[in-house]
Amino acid sequence: MSAQPIQQPKVSEREARQVAEAAREQDWRKPSFAKELFLGRLRMDLIHPHPMPPPEDAARGEAFLAKLRVFCETKIDGAQIERDAKIPDEVINGLKELGALGMKIDIKYGGLGLTQVYYNKALALVGSANPAIGALLSAHQSIGVPQPLKLFGTQEQKDAFLPRLARTDISAFLLTEPDVGSDPARLATTAVPDGDSYVMDGVKLWTTNGVVADLLVVMARVPKSQGHKGGITAFVVEADAPGITVENRNAFMGLRGLENGVTRFHQVRVPAANRIGPEGAGLKIALTTLNTGRLSLPAMCVGAGKWCLKIAREWSSVREQWGKPVAFHEAVGSKISFIAATTFALEAVLDLSSQMADEDRNDIRIEAALAKLYGSEMACLMADELVQIRGGRGFETADSLAARGERAVPAEQILRDLRINRIFEGSTEIMHLLIAREAVDAHLKVAGDIIDPDKPLSAKAKAGANAAGFYAKWLPKLVTGPGQLPRSYAEFHPAGLPDLSAHLRYAERTARKLARSTFYAMSRWQGRMETKQGFLGRIVDIGAELFAMSAACVRAELLRTTSDHGREAYQLADVFCRQSRIRTEELFNRLWTNTDDLDNKVVKGVLSGTYTWLEQGIVDPSGEGPWIAEANPGPSARENVHRPVR
């Protein structure tokens, strides 16, 4: 019998937004530096003095990093992984023996119990040896089975699965489908209740670790029925369960060792005991997992920045042009300065966000999202600048360099490997919208009903009264603040060092300006605000720059008081803030002076065929086939390429 066409849920734009809104955390039970920033308040008391890990956590973390460094230096051959497009089994087994699968799993379950800070340092280290290994460990622990179990699992589930995940079993997270990306309301994989089990059918795409995984966390839609609330639900599924087929191992422009595949479920029986949380809570579980899970990507971006800086320094000091090292030519020197300053700031953002996550005093959902957004964008720029500094050698592969007797520097590889971070775990465009939604949450809470076309007049009147009270108190505070007082943040201007207090005063003034701009835009566009994605993206990017400036200053002051690198840290923070302020002013200019409306007109013309004449004079080397592969349920007709590592 032929397979029936998959029943893709028909979802309107409004329904999709409602699903996403229902999945996000609604309340703010803890303070948030970034949330306050978007409201025009620079709450330095939330981040300064810089929080620090307890000594015992630091000692345990440093001890593991020392072991991991030896392993990376002696057991990992990044060039071999790049050539073979595969992480050798012996490397994965070595990581298992080292305990790397359980870095974030509690000691009582056989894990290492590392803090978020040291977990990120480990990812930066192993990712510098080979980014595909960093991706494997990150997908396993940051978004794979351990994290949702830690947050939402029952004690029985933790006892059953966490010891395996800490030492032997690799996990994967399965949400995306061939026709479902950042719009999970259209999720088509189903899990139909049947006695004390669910029967799962569907196809999942881009299942990182899916090819080698032992345990999967799968998001599937449970139909609403008698006794079943239904909705998108999370399950732990054994990867070798009957009916599961890994149909393809995908290949990409970078991360060539990534074990990423297409996984088909056909009549897969999943015990009800393996359901994580209640029915319908799957998206909330996924988004909550990502709140801190997103910090793994900027961790590897920090590692990439450090490597770019090392190579730029070594190469630019020996390569001479016109009588002096290229580093001393301003055109190259400015790129090196950008790499150094940005690496310092990215590490500041990462460590600050991670330590706040460890302390659990603050709500860091926006901070983690900003770290992911900013880290992935800036790391790509740094890698691109390194390729430019290296010139033709930057474009040449490491193998080719070695073949003709030069140092095998994989600059072009790091550029390819980093590119996915702007797409992984929420693309830059989706991150802009996600952060923007959180940034305007306070406004929507008091005034959202006013601009909601479906709300009755009575609700709008009540919202109007609430909004009047809120804005009567809030708006006057945006007029003046500490940023206009010359002695504010004086502790950031110690004698003989660059004046970081001036940058914090700028950040405070600019946060108020950002809040005023957001309020003006909401007043101007009201219900159409959500369609102004260009504007919202710039608002978020300004917030990211202000967060990075604040973090860089706080880190510089920490290093001044606790290390031998205080003077150098102040220098790096100063130059970063100066570079960041230029970018911020450009973003403000583009808030109101841009081509957004014209761009929309051109897009309509492109899609209607108005400009097809512009496409003439080429050949298209693309192969035949549909733009999106069919994902009809049914038994697999492909060979199973699943290969657990033992």
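Here is a short report on the structure shown in this document. (Residues numbered from 1 in each chain as written. Predicted model: local features only at pLDDT ≥ 70, side-chain atom pairs only at ≥ 80, totals over all residues. Heavy atoms only, no water.)

If you tally the helices and strands in the protein chain, you get 23 helices and 10 strands. Relative to the 2.2 N^0.38 estimate, which gives 26 Å for 646 residues, the radius of gyration of the protein chain is 25 Å and therefore close to what a compact globule would have. Taking the principal axes of the C-alpha coordinates as reference, the protein chain spans close to 75 × 75 × 65 Å. The buried share of the protein chain, taken over its 646 residues, is 54%. Sequence separation of at least 24 residues holds for 77% of the intrachain contacts in the protein chain that already meet a minimum separation of 6. Entry remark: accessible area of the protein chain is about 29500 Å², with carbon and sulfur atoms responsible for 55%. Positive and negative charge centroids in the protein chain, built from 80 and 78 side chains respectively, lie 5 Å apart. (Helix = DSSP H or I, 4+ residues; strand = E, 2+ residues; numbered from the N terminus. Rg over C-alpha atoms; globule rule 2.2 N^0.38 Å. Buried < 20%, exposed > 50% of the residue type's maximum accessible area, 1.4 Å probe, protein only. Contact = heavy atoms within 4.5 Å. Areas by Shrake-Rupley, 256 points an atom, 1.4 Å probe, with all protein chains shown as cover. Lys, Arg positive; Asp, Glu negative; His and termini not counted. Charge placed at Lys NZ, Arg CZ, Asp CG, Glu CD.)

What follows concerns the pattern of salt bridges. The tally for this structure, following the rule as stated, stands at 44 salt bridges. The partner of Arg269 in a salt bridge is Asp194, and the shortest N-O contact between them spans 2.8 Å. Here Arg269 is found in strand S7 (residues 260-271), whereas its partner Asp194 is found in strand S2 (residues 190-194), with 75 residues between them in sequence. Take Asp194: its relative accessible area is 37%, and that puts it in the partly exposed class. Each of the salt bridges in this network shares a partner with another, and the network as a whole consists of Lys121, Lys306, Glu347, Asp351 and Arg555. (Salt bridge = Lys/Arg side-chain N within 4 Å of Asp/Glu carboxyl O.)

With that settled, consider the nonpolar core. Met44, Met103, Ile133, Leu137, Leu370, Phe492 and Phe576 are the most contacted members of the largest nonpolar core, which has 134 residues in total. Ranked by residue count, the leading element in this core is helix H21 (residues 533-562), at 16 residues. The residues contacting Phe492, other than those within four sequence positions of it, are Met44, His48, Pro498, Asp499, Leu500, Ser501, Leu504, Cys553, Val554, Glu557 and Tyr570. Core analysis: the second largest hydrophobic core is formed by 24 residues, Ile143, Val145, Ala166 and Ala234 among them. (Core = buried A, V, L, I, M, F, W, Y, C linked by side-chain atoms within 4.5 Å.)

Moving on: the environment of Gly280. You can see Gly280 is positioned in the loop between strand S8 (275-276) and helix H10 (282-293). The exposure class of Gly280 is partly exposed, given its relative accessible area of 38%. Setting aside its immediate chain neighbours within four residues, Gly280 contacts Gly230, Gly231, Ile232 and Thr233.

What follows deals with the packing of aromatic side chains. Following the criterion strictly, the structure yields 11 aromatic pairs and no others. Looking at Lys35, its charged tip hangs above the ring of Trp28, at a distance of 5.3 Å from the centre. When the ring centre of Trp315 is taken as origin, the NZ or CZ atom of Arg390, which lies over that ring, is 4.7 Å away. (Phe/Tyr/Trp six-rings, centres within 6.5 Å; stacked < 30°, edge-to-face > 60°. Lys NZ or Arg CZ within 6 Å of the ring centre and 35° of its normal.)

The subject of this paragraph is the environment of Phe588. Topologically, Phe588 is positioned in helix H22 (residues 566-592). Sequence-wise, Phe588 and Asp541 are 47 residues apart; in three dimensions their C-alpha atoms are separated by 9.9 Å. Leave out the neighbours within four places in its chain, and Phe588 touches Thr510, Lys513, Leu514, Ser517 and Ile542.

Owing to its 3.6 residues per turn, the α-helix aligns residues three or four sequence positions apart on the same side. With 13 residues, helix H7 (residues 131-143) extends 17 Å from end C-alpha to end C-alpha; this agrees with the ideal 18 Å at 1.5 Å per step. Here H7 lies mainly inside the structure; 13 of its 13 residues are buried. A distance of 3.1 Å separates the backbone nitrogen of Ala132 from a side-chain oxygen at the start of H7, and that oxygen is part of Asn130. (Expected span 1.5 Å × (residues − 1). Polar contact = N/O pair within 3.5 Å; in protein donor to acceptor, adjacent residues only side chain to side chain.)

To continue, consider the packing of helix H6 (residues 116-129) against helix H11 (residues 296-318). Between H6 and H11, whose axes approach to 8 Å, the crossing angle comes to 50°. By the angle class used here, H6 and H11 are oblique. When the axes of H6 and H11 are compared, the crossing they make is right-handed. Note on element contacts: H11 touches H6 through Ser296, Ala299, Met300 and Gly303, opposite Asn120, Leu123 and Ala124. Here the residues of the contact of H6 with H11 sort into 4 nonpolar, 3 polar and no charged. (Axes fitted to C-alpha atoms, helices over the stretch in contact; angles between N-to-C directions. Parallel < 35°, antiparallel > 145°, perpendicular 65-115°, else oblique. Left-handed = near helix turned anticlockwise from the far one by under 90°. Nonpolar A, V, L, I, M, F, W, Y, C, P; charged D, E, K, R; others polar.)

The next subject is the side chain of Asp351. Within the fold, Asp351 resides in helix H12 (residues 330-359). Judged by relative accessible area, which is 8%, Asp351 ranks as buried. One polar contact links Asp351 to Arg555, side chain to side chain, over a distance of 3.1 Å. Contact partners of Asp351, with chain neighbours within four places excluded, come to His50, Val117, Lys121 and Arg555.

The omega torsion of the bond from His48 to Pro49 falls at 0°, within 30 degrees of zero and hence cis. Positionally, Pro49 belongs in the loop between helix H2 (33-38) and helix H3 (55-75). Unlike most non-glycine residues, Trp206 shows phi in positive territory, near 55°. A positive phi angle is found at Leu255, which is not glycine, with a value near 50°.

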